[in-house]
Amino acid sequence: MTTSTLAPTATGASHRVDPRPTRRRYLVPAVLAVALVLTEAFNQAVTPFIRHDDWPFLVPANTPGVTSVAEHDLYEGRWLNHLWWAVVGQHGTPTSAAITYAVGYALLVAGLWRALHLAGIRPRPLVDALLGLALYASAVWVQLLYWPGALTASVLVAAAAVWALPWAARSRLRLVLWLVVSEVCVVLTYPPVGVLLVLFGVVLLRQASWRRVLAVLAGWVACFALGVGVAYLLNWIGNDYFGIKIAYWRNPNPLTSWDALVTNTGRWAQAAATLWAAQWWVAVVAVIAVALGLRDAAVRPRLLRLLAALAVAGGIDAAQVLVTGVVTDSRGELWTWYVAVLPVALLLLRSREGAGGGTRRGLPSDRVGAVALAVLAVAGVVTWRSDVGEHQVTRGEYAAIAAQATRVGADGERPFVVVYMDPALRHSREGGIMAGTMRMAIRAHQDGLLPDWCRPAECRQLIARAASGPVVDLGRVGNGPHVVGVLVPDPPAWIFDGESTATVATGAASATSPR
C-alpha cells in the first residue's frame, strides 16, 4: 500500500505515515528509565524470580531433572524459542536472561510509542510521558516477566516487527512482506503478539480506506494461518507429526459435536468474564474512550478502523477456543491492555490537529484522554509493583532457605539435601509448581545437583520437627552423608490468583537425582 493511495481528507491531502521524527528524543529513554524503576522491573531484571518451567530454557540439554526444550516444539510450536535457547539461552544465566528480556521489552515499548508518534498522536510532553508509561505498565504483560528464558525470543520478534512497521507501511509490497515475515515468526514463538502488531498497524495507517484496512486484516489472518502451517511442517520434519499436539493438561475438547460446541462456548465465556473482571477498570476506561471517540468527528474514522481490528482479534481468540476447547491463559491475552490504551491515545489526536490541520487544544476529549492515561499509567504501575514485589518476596524466602540448607558444614563438606512437601500439596497444581521452584533454587546452590525427595524415615523426622523451621538438620547415619531436610513452604497467595488452568505440566525438576 503506497501512501499516495490512502484515503484523502476533506482538504485533499492523503493520510500518510508522518515521516517527521519527534523532537523529544530524550523523553522516550527518560520515561522508560523511570518506568523500569517505578514498576520494580529493575529488581526482577537483576535478581530474577524464575518460574519452575522456565528452567529448561536456561540450562544445557540433558540437564538432570529438566525436561527437553524440544517438547515445546511438538506441543506448542515454539520453534523460534527453541532456536533462541540453542544459540543463546543455554549459555547464559537467569540474570542475563532477565536483563535481556527487560531490554527487549523496553525496545518494544519504544517502538510502539514511536508508531503512535508517526501516526500523528503527539500530545504535550507531560501527557506524552503518561502515554509512554501506560504503554509500558501493561497489567497483563507483567505476568510474563518470570519466564525470561522461554519468552525472550517473542519479545525480540515483537520489537523488531514494530520497529519495521513504519518502513513497511510505505508501500503495498513492503506491507505484505512485513505481514508474512512478522506473523510467521510470531506464530513460532510464545506468547502470541501478532494481535498487538496488527492493532498498531491499523492505527499507523490513519484514515486509509476501509478496503485497505480490511485487506490488511484479511492478510493478517491469512499470514496467521500460514504461520500455523509452517509450525505443522516443522513438526512433520522434526518430530514426524504433522500438526501440533495439545497437551493433556490443557484439557482440550475438539469440536466434534454440538455438545462440544456448547461446552467450548461456556469455556470461552467463563474465561472472558474472568479476564475482564480481573481488569474491570481497563474495560471502564475503554468504554469511556470509545464513547467519546465516536462522538468526535476527527477521531471517529480512525477509531472505527481500530474497533474493526479489535473485533477480528477477539473473533480469532474465540474461534480458537470453540475449535479446540483450549482457553488461553490470561497472561497470553496481551492485546486486551491496548483495548483501552489505543482508544485513549486516539482521543489525543485533537490536542494537536484541528479540522484545518492547525493546532487545537483544551477540548473535553483531550482532557478526558489525559486523565484516562493517568488512570492507566498509575494503575498499571501499582499492578507491576504488587506483582513483582510479591514474587521478589518469594524469591528472597526460597533463596535464603536454599542457602541455609546447602551451607558447608564444620567438616568442610556440603550436606546432602532432601525435600519434603505435604503429599496433598505436592500433587496439586500450586504445590507442584512451588516444589519445583524450591528444588531448582537448591540446585543453584549446589553445583547443579537436584535435591531428592525425602525417604519415608526422613519424611517422618521432618514432619515431627517442622516447628523448628523450614531447614532441619537430620544428621548422619553411619557412614552415610550428612543429610539436611527442607520443608517446602506452603504456596504463596499470588500463585492461586495468577494461575487459571486446572492442571500444569511439571516442565522442570520432574526427576530425582541419584543417591
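Residues numbered from 1 in each chain as written. Predicted model: local features only at pLDDT ≥ 70, side-chain atom pairs only at ≥ 80, totals over all residues. Heavy atoms only, no water.

Novice: Any chance you could explain a nonpolar patch on the surface here in plain terms?
Specialist: Where nonpolar side chains cluster on the molecular surface, the patch consists of Phe42, Val46, Ile99, Val103, Leu107 and Trp163 and spans about 510 Å² of accessible area. At the level of secondary structure, the elements contributing two or more residues to the nonpolar patch comprise helix 2 (41-46) and helix 5 (94-118). Counting residues per element, the nonpolar patch draws most heavily on helix 5, which supplies three residues. The residue Ile99 is located in helix 5 in this model. (Patch = residues over 30% accessible without salt bridge, like charges linked within 9 Å, V, L, I, M, F, W, Y side chains within 5 Å. Areas by Shrake-Rupley, 256 points an atom, 1.4 Å probe, with all protein chains shown as cover. Salt bridge = Lys/Arg side-chain N within 4 Å of Asp/Glu carboxyl O. Helix = DSSP H or I, 4+ residues; strand = E, 2+ residues; numbered from the N terminus.)

Novice: Got a minute to help me understand empty space enclosed by the protein in this structure?
Specialist: By rolling a water-sized probe across the atoms, one finds the places where empty space is left. According to the stated counting rule, one finds three cavities of 30 Å³ or more in the structure shown. Computed from the structure, the largest cavity encloses a volume of approximately 90 Å³. Lining the largest cavity are Ala41, Gln44, Ala45, Ala98, Tyr101, Ala102, Tyr105, Tyr136, Leu145 and Pro148. When contributions to the lining of the largest cavity are tallied by element, the ones reaching two or more residues are helix 2 and helix 5. A total of four residues in the lining of the largest cavity trace back to one element, the largest contributor, which is helix 5. Roughly 50 Å³ of internal volume is contained in the second largest cavity. (1 Å grid on protein atoms, 1.4 Å probe; cavity = no way out; pocket = protein on both sides within 12 Å on 5 of 7 lines; lining within 4 Å. Points joined across faces, edges and corners; volume = space filled by probe spheres on them.)

Novice: How should the packing of helix 9 (residues 194-204) against helix 14 (residues 338-347) be read in this particular structure?
Specialist: Geometrically, a packed helix pair is captured by the angle between its two axes and the distance between the axes. Following both chains from N to C, one finds helix 9 and helix 14 inclined at 10 degrees, their axes separated by 12 Å at the closest point. The orientation of helix 9 with respect to helix 14, classified from their angle, is roughly parallel. Of helix 14, the residues touching helix 9 (which contributes Leu196, Leu199, Phe200 and Val203) are Tyr338, Leu342 and Leu346. For the contact of helix 9 with helix 14, a count of residues per class yields seven nonpolar, no polar and no charged. (Axes fitted to C-alpha atoms, helices over the stretch in contact; angles between N-to-C directions. Parallel < 35°, antiparallel > 145°, perpendicular 65-115°, else oblique. Contact = heavy atoms within 4.5 Å. Nonpolar A, V, L, I, M, F, W, Y, C, P; charged D, E, K, R; others polar.)

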